[in-house]
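# A closer look at the structure
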Amino acid sequence: MSEVKKTASGGGRGGGWTRFVTARPRLTLLVALVLTALAVLAGGGVADRMGSGGWEDPAAESTYATKALERQFPGSQPNVLLLVDAGDAPTTGGAAAVDAPAVAAEARKLAERLDAEPDVEGVGSYWSTGSPALRSEDGRQAVIAARIPGEEKDAAAVLDRIAPAYRGTHGPVEVSLGGGLAVRHEMQTVIQEDLLRAELIALPVTLVLLVMVFGSAVAALLPLGVGIVAILGTNAVLRGITEFTDVSVFAQNLTTALGLGLAIDYALFVVRRYREELAAGADTYTAVRTTLRTAGRTVLFSALTVAVSLAAMLVFPQYFLRSFAYAGIAVVLLAATAALTLLPAALVLLGDRVNALDLRRLLRRGRSPKEAGDGTGRDAGTDAGRDAGDGAGWGRAAALVMRRAPVFAVVTTTGLVLLGLPFLGVKFGTADDRQLPVSASSRVVQDQLRDGFPGNPGGGITVLAEGTATPAQYADYRERISALDGVARAEGPVTGGGAAYFTVVPDGETVGADAQRVVGELRTAEAPFATSVTGPAAVLVDSKDAIAERLPWAAGIIVLVTLLLVFLLTGSVVVPVQAVLLNALSLTAMFGAVVWVFQEGHLAGFLGFTSTGDIETTLPVLMFCVAFGLSMDYGVFLLSRIKEEYDATGDHERSVRFGLRHTGGLITAAAVILAVVMVAIGTSRVTNTKMLGLGVALAVLMDAMVVRSLLVPSVMKLTGRLTWWAPGPLRRFHDRFGISEADAPADADTGTGTDTGTGEREYSAAR
């Protein structure tokens, strides 16, 4: 079979792209260096232009009501809260500490000063309104509320400017800052710090693992270089996108993870195939050209499947999810482009020096030639010897699995389903300050407001009433909504400009099930004027509705395009269905763990987060799209080698063994490296980022070590030669438009005197 492969993929000049990369490698690298330098300049400061929100549907009723209230009643939507702590201030007649004359005078002075600040509006306080919701139950603390209007980054700049003047001790009181704007701003800062730490962890560990995989320090540096180029390029792309739309700061975590992970995947696959060609006796140019025509096609194909999975998030209206699509598509395509341009150019210049600085030789010193060999009598110090011994264990494992295929298929499937059962109890919520570590200053303030006040200020349900109404009609409406089950109290109306609003305080959690039910009842309650409902619970209800409405479209796009792409790769209608089902099954452990760990709070102390009893609504969608795409990435690598061997031999079982032998170690190494990157992301102090990193790391490892190693070979054994079946019309369609690694005969004179036509005839005969 090696003769068949060499003839089929012989040293032709290849297509125009291959000729360009191999003919002008120095020019290719120089252009890439210039573009990367420009990307560094263009992408500088991108994090400062990103937002930390984006969970709401911009077309929802709650969004409309929020914007209307911001315009007409800025005091109804405070995003900055000054928590004034009176401590043990002396009082008379049993009055609360916050009512002490010195405390009240200082608090009013602070409120007046805040009201005079430019870019601050809607200032109100306990001392100006007397509202019990703005005073703690023990009477030691009270709140000054205000709103900083404008875009989030502009509002954050105002907060940075004024915060030092208010935070700290003022006469008899101590002031702390909280509120939604302070929480989001601190979250953005924490994410940037955590991302830098994750990169400092991931890069050196990844380099060590790559050296262990390749042995050669030179070969190990190539994937890392591709990853860095992809990350820097994506930052520049995101910087450009921020000029036109909102982008979430969370997307930077995906940029780092996929930039390193996929670049390493693609570079591993390309470099491994290149070294195989060198070991088989090809010269440098022939090895690079063959690699591009074979592994290069698979890399491009894999990048398309991952990009499609991530692009599906564009159907959702929340910019949090859309941001991950922007970042994901950019980093995947840039990683693939770098792997198919920079990497081949570097390989042409390096030649067989890609194996230089082989650190594994240190481990072989002192061993006899026989011990150092691969069991075939060849010297393990040579590439041929190394590659000949590579993967034998995976081949034996595949043979064992296929001999007991029904047992492995049933046991593995049952285990994966059981691991996913906790997800049946998932409860969806919204992100709040508890995403931050308990020591974060804004989190401390929000905890005190949540635990010590009779209704979390700014956390209730707001009903906007538009249209003319009499005081009696307003009073009647307030009485009716006050009587709704689950409502603690209703306050208002506050009127002005032909509109009014009511504040409804629900029983229990601000965004709990009861609060969400109250939102629904308020929206259906009869009123003599037009009403719109907003607040955290209403935003959550609308977000869940938006995701539920568009989720079938996203899933349909992923499934249909995946089926099409895998069909183009394999020419089978059975393999694509298998791929989709097995990929979905590989995600069960991730979703089960997310609920068991993050919703139910197991390991919360060990991992350092606060469980809120629910999962942020958009996170499962994000994790599904990312993990499904990465699973397809590994699936394409495995299927391409199985299909290559099946085309050459027609032996189904041998092809499965061949595919697993030649990619099992590669896929596992890539999965471990990507898991290291994701775990580094998972060290974040922000819960959602921690959930994303650790969850996807688990999914990647389960896919590589369980699904690809056990489930795929056992299922393919059970389906037998039926695996490759397709109706006649589709088979002819694939023959014309399909893609495969074995589908790359030379298109010109080889330059070595080999007759191309003869090679093609020999290849066709072998098939």
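Residues numbered from 1 in each chain as written. Predicted model: local features only at pLDDT ≥ 70, side-chain atom pairs only at ≥ 80, totals over all residues. Heavy atoms only, no water.

### With respect to the overall build of the protein chain
Check the secondary structure of the protein chain and you find 30 helices and 11 strands. Restricting the contact set of the protein chain to residue pairs at least 6 apart, pairs at least 24 apart contribute 78%. Summed over all atoms, the accessible surface of the protein chain reaches about 30500 Å², with 60% contributed by carbon and sulfur. (Helix = DSSP H or I, 4+ residues; strand = E, 2+ residues; numbered from the N terminus. Contact = heavy atoms within 4.5 Å. Areas by Shrake-Rupley, 256 points an atom, 1.4 Å probe, with all protein chains shown as cover.)

### What about unusual backbone geometry?
Phi is mostly negative for residues that are not glycine, and the peptide bonds are mostly trans. Cis geometry is adopted by the peptide bond preceding P493, which originates at G492 and carries an omega value of 5 degrees. Secondary-structure assignment places P493 in strand β8 (residues 487–496).

### Some remarks on the nonpolar core
Membership of the largest hydrophobic core comes to 150 residues, with the highest contact counts inside it found for F250, Y266, V332 and L622. Counting residues per element, this core draws most heavily on helix α13 (residues 319–350), at 18 residues. Other than its neighbours up to four places away in sequence, V332 contacts L262, Y266, A303, V306, A307 and L310. In this structure, A107, L134, A142 and L181 belong to the second largest nonpolar core, which totals 41 residues. (Core = buried A, V, L, I, M, F, W, Y, C linked by side-chain atoms within 4.5 Å. Buried < 20%, exposed > 50% of the residue type's maximum accessible area, 1.4 Å probe, protein only.)

### Some details on the sheet that holds strand β4 (residues 168–170)
Read from one edge to the other, the open sheet built from 5 strands follows the order β2-β3-β1-β5-β4, with strand pairing classed as antiparallel. On the outer flanks of this sheet lie β2 (121–125) and β4, each paired with one strand and no other. Neighbour-to-neighbour, the strand axes of this sheet turn through a mean angle of 25 degrees, independent of strand direction. With 6 bridges joining them, strand β1 (residues 80–85) and strand β3 (residues 141–147) adopt antiparallel strand pairing. In the sheet register, V84 faces β3, and the bridge partner there is A142. Strands β1, β2, β3, β4 and β5 (173–178) of the sheet are contacted by helix α5 (residues 101–115), whose axis makes an angle of about 10 degrees with β3. (Pairing = 2+ DSSP bridges. Axes fitted to C-alpha atoms, helices over the stretch in contact; angles between N-to-C directions.)

### Focus on the environment of V40
Inspection of the secondary structure assignment puts V40 in helix α3 (residues 25–43). Residues V40 and T234 lie 194 residues apart in sequence; the distance between their C-alpha atoms is 9.9 Å.

### Some words on the packing of aromatic side chains
Between two aromatic rings, the relevant description is the distance of the centres plus the angle of the planes. Per the counting criterion, the structure on display carries 17 aromatic pairs. Considering the side-chain rings of F320 and F324, the 5.1 Å spacing of their centres and the 70 degrees angle between planes classify their relative orientation as edge-to-face. With a gap of 4 residues between them, F320 and F324 both fall in helix α13, about one helical turn apart. Judged by its relative accessible area of 1%, F320 is buried. Aromatic pair Y646 and W724: ring centres 4.8 Å apart, planes at 15 degrees, arrangement stacked. Taken together, the residues span a long stretch of sequence, with Y646 in helix α26 (residues 619–649) and W724 in the loop between α28 (687–719) and α29 (728–737) at a distance of 78 residues. As far as the burial class goes, Y646 and W724 line up, both buried. Through a chain of ring-to-ring contacts, the aromatic side chains of W55, F250, F320 and F324 assemble into a single cluster. (Phe/Tyr/Trp six-rings, centres within 6.5 Å; stacked < 30°, edge-to-face > 60°.)

### Some thoughts on a negative patch on the surface
A cluster of acidic residues, E56, E151, D154 and D246, forms a negative patch at the surface. Note on placement: E151 falls in the loop between β3 and α7 (152–166). Among the residues examined, E151 registers a relative accessible area of 46% and is labelled partly exposed. (Patch = residues over 30% accessible without salt bridge, like charges linked within 9 Å, V, L, I, M, F, W, Y side chains within 5 Å. Salt bridge = Lys/Arg side-chain N within 4 Å of Asp/Glu carboxyl O. Lys, Arg positive; Asp, Glu negative; His and termini not counted. Charge placed at Lys NZ, Arg CZ, Asp CG, Glu CD.)

### Thoughts on a nonpolar patch on the surface
Nonpolar side chains collect at one region of the surface, where F20, L27, L30, V31, L33, V34, L35, L38 and L41 lie side by side and expose about 870 Å² of accessible area between them. If you tally residues by element for the nonpolar patch, the top one is α3, at 8 residues. Residue placement: V34 occurs in helix α3.

### Some points on the sheet that holds β8
Spatially, 4 strands are ordered β8-β9-β7-β10 in an open sheet, and the strand pairing comes out antiparallel. Looking at the sheet topology across the chains shown, the edges are occupied by β8 and β10 (530–534). For this sheet, the mean inter-axis angle between neighbouring strands, taken without regard to orientation, is 20 degrees. Relative to β10, strand β7 (residues 461–466) runs antiparallel, the two being bridged by 5 bridges. In the sheet register, V463 faces β10, and the bridge partner there is V533. Along the sheet, helix α4 (residues 61–72) makes contact with β7, β8, β9 (499–506) and β10, crossing β10 at roughly 100 degrees. Sitting on the sheet, helix α21 (residues 513–524) is in contact with β7, β8, β9 and β10, with an inclination near 10 degrees to β7.

### Digging into the packing of helix α23 (residues 574–586) against α28
For the pair α23 and α28, interaxial distance at closest approach is 9 Å and the crossing angle is 145 degrees. The way α23 lies across α28 gives a crossing that is right-handed. Where α23 abuts α28, its residues Q578, L582, N583, L585 and S586 lie against A699, M702, D703, V707, R708, L711, V712, V715, M716 and T719. Of the residues contributing to the contact of α23 with α28, the split by class is 9 nonpolar, 4 polar and 2 charged. (Left-handed = near helix turned anticlockwise from the far one by under 90°. Nonpolar A, V, L, I, M, F, W, Y, C, P; charged D, E, K, R; others polar.)

### Some thoughts on the packing of helix α18 (residues 405–420) against α28
Contact geometry of α18 with α28 gives a least axis separation of 8 Å together with a crossing angle of 140 degrees. Here α18 lies oblique to α28, going by the angle between them. By crossing handedness, the relation of α18 to α28 is classed as left-handed. Touching A405, P406, F408, A409, T412, T413, L416 and L419 of α18 are M702, V706, V707, L710, L711, S714, K717 and L718, all from α28. Each residue belonging to the contact of α18 with α28 can be placed in one class, and the counts come to 12 nonpolar, 3 polar and 1 charged. (Parallel < 35°, antiparallel > 145°, perpendicular 65-115°, else oblique.)

### Some points on the pairing of β5
As judged from the 5 bridges shared by β1 and β5, these two strands associate in the antiparallel manner. The residue bridging D85 from the neighbouring strand is E174, located in β5. The pairing of β4 with β5 spans 3 bridges and is classified as antiparallel. Its bridge partner lying in β5, H170 is registered against V173. Hairpin connection between β4 and β5: a loop of 2 residues separates the two successive antiparallel strands, and G171 in this loop has a positive phi of roughly 60 degrees.

Note that all results are geometric; they support no functional claim without further evidence.
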